[in-house]
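# Summary of the model geometry
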Amino acid sequence: MSKIEINRPLAEIPVTTLKGVGPKGAERLAKLGIESLQDLLFHLPLRYQDRTRITPIGALNQGDQVVIEGVVELSDVRFGRRRSLLVQVADGTGTILLRFFHFSSAQRAALSRGVRLRCFGEIRNGPSSFEMIHPEYQRIDDAASQELEAELTPIYPTTEGMHQLTWRTLTQQVLDLLASNPYALADLLPLEQQSRRPTLAEALHYLHRPPPDAPLAQLFAGEHPAQQRLIFEELTAHQISLRQLRQQQQQIPAPIIKGDALLQQRLLKSLPFQLTGAQQRVVDEILSDLQRPFPMLRLVQGDVGSGKTVVSALAALATVEAGYQVALMAPTELLAEQHLNNFTTWLRPLGIEPLWLTGRHKGRERKERLQRIADGSAKVVVGTHALFQDDVIFHSLGLAVIDEQHRFGVHQRLALREKGHSDAVPHQLIMTATPIPRTLAMTAYADLDLSVIDELPPGRTPVTTVVISDSRRDEVISRVSRACADGRQAYWVCTLIEESEMLQCQAAEESAQQLTERLPNLRVSLVHGRLKATEKAAVMADFKAGKIDLLVATTVIEVGVDVANASLMIIENPERLGLAQLHQLRGRVGRGTTESHCLLMYHPPLSGNAKARLAMLRESNDGFKIAEKDLELRGPGEVLGTRQTGEMQLRIADVLRDQDLLPDVQQAADEILQRHPELVEPLIHRWLGERVEFGRV
Ligand code: ADP
Ligand code: MG
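These numbers were taken from a predicted model, which means no experiment stands behind them. Residues take numbers from 1 onward in each chain, read along the sequence in its written order. To label them, take the chains in the order written and letter them from A, then take the ligands in the order written and number them from 1. For a predicted model such as this one, the threshold for reporting local features is a pLDDT of at least 70, and the threshold for listing and counting side-chain atom pairs is 80 or more; totals across whole chains, interfaces and linings nevertheless cover every residue. The side-chain numbers reported here are obtained from all heavy atoms of the structure, hydrogens and water having been left aside.

### Concerning the pairing of strand β7 (residues 130–133)
- Bridging between strand β4 (residues 95–100) and β7 involves three bridges; their strand directions are parallel. Bridge pairing links L97 to E131 in β7.
- Bridging between strand β6 (residues 124–125) and β7 involves two bridges; their strand directions are antiparallel. Paired with N125 across the bridge in β7 is F130.
- Note on pairing: DSSP must find at least two bridges between two strands before they are called paired. Numbering goes from the N terminus for both helices and strands, where a helix is a DSSP run of H or I of at least four residues and a strand is a run of E of at least two. In sequence, β6 turns back onto β7 through a hairpin of four residues.

### As for the packing of aromatic side chains
- Pairing of aromatic side chains requires ring centres within 6.5 Å, counting the rings of Phe and Tyr and the six-membered ring of Trp. Pairs whose planes differ by under 30 degrees are stacked, by over 60 edge-to-face, and all others tilted. Across all of its chains, the model carries five aromatic pairs by this definition.
- On the basis of an interplanar angle of 55° and a centroid distance of 5.0 Å, the ring pair of Y491 and F543 is categorised as tilted. Remark: F543 occurs in helix α19 (residues 533–544) and Y491 occurs in strand β18 (residues 489–493); sequence separation between them is 52 residues.
- Residue class for Y491 comes out buried when judged on its relative accessible area of 0%.
- Only protein chains enter the accessibility calculation, which uses a 1.4 Å probe; a residue whose area is less than 20% of its type maximum is buried, one above 50% is exposed, and one in between is partly exposed. Look at F543 and you get buried, because its relative accessible area is 0%.
- Here, a charge over a ring is recorded when the distance from Lys NZ or Arg CZ to the ring centre is within 6 Å and its angle to the ring normal is within 35 degrees. In this structure, R51 packs its charged tip against the face of F120, placed 3.9 Å from the ring centre.
- Seen from the ring of F101, R82 lies directly overhead, with NZ or CZ sitting 4.1 Å from the centre.

### Focus: helix α10 (residues 262–270)
- Taken residue by residue, α10 has L263, Q264 and L267 as its buried positions. Seen along its axis, α10 keeps its buried residues to an arc of 100°; they face one direction.
- Along its buried surface, α10 packs onto α11 (277–290), α12 (308–321) and α13 (333–347). Along the arc lie the directions from the helix axis toward the C-beta atoms. A contact between two residues is defined here by any heavy atoms of the two lying within 4.5 Å.

### Describing the site of ligand 1
- For each residue, the test is whether any non-hydrogen atom lies within 4 Å of the molecule or strand; if one does, the residue is near. Surrounding ligand 1, one finds 16 residues, the nearest of these being Q274, G305, T309, R460 and D562.
- Within the side chain of Q279, one N or O atom sits 2.8 Å away from a nitrogen atom of ligand 1.
- Side-chain atoms alone can form a polar contact between residues adjacent in sequence; in general such a contact is a pair of N or O atoms within 3.5 Å, and within protein one must be able to donate a hydrogen while the other accepts it. Note that an oxygen atom of ligand 1 is positioned 2.8 Å from one of the side-chain N or O atoms of K308.
- When residue character is reported, Ala, Val, Leu, Ile, Met, Phe, Trp, Tyr, Cys and Pro are called nonpolar, Asp, Glu, Lys and Arg charged, and the others, Gly included, polar. Its residues assigned to classes, the shell around ligand 1 shows four nonpolar, seven polar and five charged.

### Details of the side chain of R243
- On the secondary structure map, R243 appears in helix α9 (residues 225–249).
- Those residues in contact with R243, other than ones at most four positions away along the chain, are Q666, A669, D670 and L673.

### Here's the deal with the nonpolar core
- By nonpolar core is meant a set of buried Ala, Val, Leu, Ile, Met, Phe, Trp, Tyr and Cys residues that side-chain atoms within 4.5 Å join together. Of all hydrophobic cores here, the largest spans 81 residues; its most connected members are L10, L29, L41, L230, L235 and I373.
- Looking at which element gives the most residues to this core, the answer is α9, with seven residues.
- Listed in part, the 40 residues of the second largest apolar core include V282, V310, V320 and L350.

### Observations regarding the sheet that holds strand β15 (residues 427–432)
- Judged by pairing direction, the sheet is parallel, and its seven strands sit side by side in the order β12-β13-β11-β14-β15-β10-β16 without closing on themselves. Each end of this open sheet is capped by a strand with a single partner; those strands are β12 (355–357) and β16 (449–453). In this sheet, neighbouring strand axes are inclined to one another by 20° on average, regardless of whether the strands run parallel or antiparallel.
- Where strand β14 (residues 397–403) lies against β15, five bridges are found, and the strand directions are parallel. Residue pairing in the sheet places L399 in a bridge with H427 of β15. A fitted line through C-alpha atoms represents every axis, and for helices the fit uses only the stretch in contact; the resulting angles, taken between N-to-C directions, go from 0 to 180 degrees.

### With respect to helix α17 (residues 473–485)
- In this scheme, a helix's expected span is set at 1.5 Å multiplied by one less than its residue total. Along its 13 residues, α17 runs 18 Å from first to last C-alpha, staying within 8% of the 18 Å computed at 1.5 Å per residue.
- Taken residue by residue, α17 has R473, V476, I477, V480, A483 and C484 as its buried positions. Take α17 and look down its axis: the buried residues cluster within an arc of 125°, on one side only. Those residues of α17 that are exposed and angled more than 90 degrees off the buried face are D474, R482 and A485.

### Overview of the environment of R657
- With respect to the helices and strands, R657 occurs in the loop between α24 (642–647) and α25 (662–675).
- On a C-alpha basis, the gap between R657 and L216 in space is 17 Å, while along the polypeptide they are 441 residues apart.
- Aside from chain neighbours lying at most four places away, what touches R657 is A221, G222, I231 and I652.
- Within polar-contact distance, the side chain of R657 engages the backbone oxygen of I652 at 2.9 Å.
- Side-chain polar atoms of R657 contact the side chain of D658, separated by 3.0 Å.

Quick look at the structure:
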C-alpha cells in the first residue's frame, strides 16, 4: 500500500489495495457489501475461539471448544457401522479420544503411539470418555517452536471461497493501518456521547482481536462496552435515517383537505352505534393531518375489533368532500371485498358508489373501471394490490388507506405515492391490528406518526381461552355440536408447520371431511387459500348469512373477517403459530354480545416456549401485552415480518436487547440533526450503505 493511501479515510480506500485481494476476492467481498476498508472493519466476528491456552484434559467440560495437548497412547481403526480411526491421547491429567471418520493412510500413520499432538475442537460426551470428532491437530515436534495464539481467534461471517484465515489477514492489515493513523476512521458520535464510551478505534480493535482474558459470555451476549459503542452508533444511524425520511416527506406538497364535514356527520347519524372515545380521538388526529400541506403518513394500530374501518371511512369522506379520490387497499381479496361491502353500505346512501378493482377484472371490464378512476368519476376505489399496477391512473388521488400494513412494505408505499398528481402526493393512512411494541415503534416505525385505538366498542364480552390437548378431540367436537345447536356458529382453524399452502389446504380438507362425518346435523363448509376468490367470497357470505354452522378454514381467515354470531373457535396445533397471529385469529370471535370461547387444541408434548406462548394467550386479551411477549419470545424479525428482514436490517444492534439505549439514541439523533448535520451523511453511509436509497425522494 502506498504512502498516499495511508492518509486517506478508510471509507475511501477500496479493498483492492489490500494484499491478497484480487478481482475475484473483491467480487466476493462486494457480495457481502464490503467495498472499502471501513466496510471491512465493520464486518465483525460472529464469535470467538480461545486458542490462547492449553486446557488440561482432566479439566474438560462437555461443549467446550478448547486446545488440548498430549501424547498418543493408542491408535486403532474400528470397522463398526462406520469405519473410524480412534486415537487416544493422554496428558497426565486424563485421556481423551479423537475420532475420525475420514482419514488417509498417511494420517493414520502420523497419528501413531508416542506422537505429541496439539488439538483444537469441541468436547463431546463419548461412550466411555470425552471425545473430539475431527479435531484440528498438529504434531508438536519441538515444543518451543509452536506458539499459542496471543489473542482470541475471531470467527467471521463468511461466503464461499473466503477462509477464516483470509478474513484474519485482511482485517489485520486494516487494523495495522488504523493503528498507524487513528484519524483514518472518523468518530461520528457527538463528543458528549464519545466521552462515555471507548473510542471507535479501540472498540473495533477489541472486537476483531479480543485479549485472552476477554469476557466471552459478555461478548456473546452483545453486552461488552466495545459492542455497545458500535450498537449505539448503529441505532443512532438508523434513527437519523428514519427521521430524514420523515423530514423529506414533509417537503413534498399534498392536497389540503378541509371542509364542513357534512358527509361525515351524515355517516355518523346513520350508524347504529356511536364512536368510542378512542375512535373519535384518532379521527381527529387524522383530520388534522389532512389539513396540512404535506402528506400524512400515519399508522393506526387498533386491536382486532376496535373499529378501524369506520375510522378510515370518515377520513375517506373528508377527502371526497374536498374533491379528491380515495383508494382503499387490503392484503387479500377476501378482506378487500369485506371493506367494499362495508363502504358500500355506508356510502351509497350518501350518493357515493365505491368502485371495486382486483386482478380478476380483465379486458373491457377493467378498461371501463380504469376509465372511471382516471376521469375522477370513481370517488372511492377499493381493491387489493392490483391498485398499484402501472395502468391504474387516478384523476386526483388524495388519500390512500392501507389495511393490515404488515404486508405492505415501504416500496409499495412509495409506488403508491407516485399515484398522486405530478405536483402533490396522496396522504397515507395505514392500519394494523398487530400492535407494535413501543420499542419497535421507536425504531422501525420512526418515520410514521402513530395513533392507537386503545378501547374496544362497548358490549363486547372478552373471549375465554382454553388450552387443551388433542387427546380430548371428542370433547371438543361435542362442544362444537352444542354451540351450533344453540344457534351459534364456529370456526375450526387448521394450521400446518410447512410453508406449503397446498399441504395446509389438504389438512383443512381432511378435517372438514372428518367433521362433516362426525357432525351430521351441522352444515359444515370449508374455506382455504386455493379456492378461487369468488368461491371463497361465496362461502364467507354464506357464513355471514348464517347458512353455515361450522366453517373449517386455514389461516386465510386471519385478518379482518367479521361475523358477529360466531362465538366459538377451535385452533388446531396452535403451537405452530406466533402469538400475534393467534391473537388475530382469536379476534374473529367475541365480536358480538354472546360469550365467546377459543379452544387452543395442541398436540403434546409442548416445548417450554410453546407452553409459555399458549399460557400468555389464555391469560390475556390485550393485544399490546401479547405483542410485547411475542417480541420477547420470537424477536423482532419474526414479529415485524418482511419489514424487519428487508428494510430494517441491523448489523450488530438488537432492538429488544438494546432497548435501554433507545432514549440516549434518540437524544443523540436530535443532537446530530440539529448541531452536527455534517455527520449525517457519513453515519448513514457507514451503517446503511446503499440500503437507504429506497427512502430517497
Ligand atoms: P377492526 O378494527 O378489527 O378492523 P372493524 O372495523 O371490522 O374492526 O369493526 C368490528 C365491528 O365493530 C364492525 O362490525 C363494526 O361495525 C363495529 N363497530 C365499529 N365501531 C363501533 C362502535 N363504536 N360501537 C359498536 N360497534 C362498532
Ligand atoms: Mg379490519
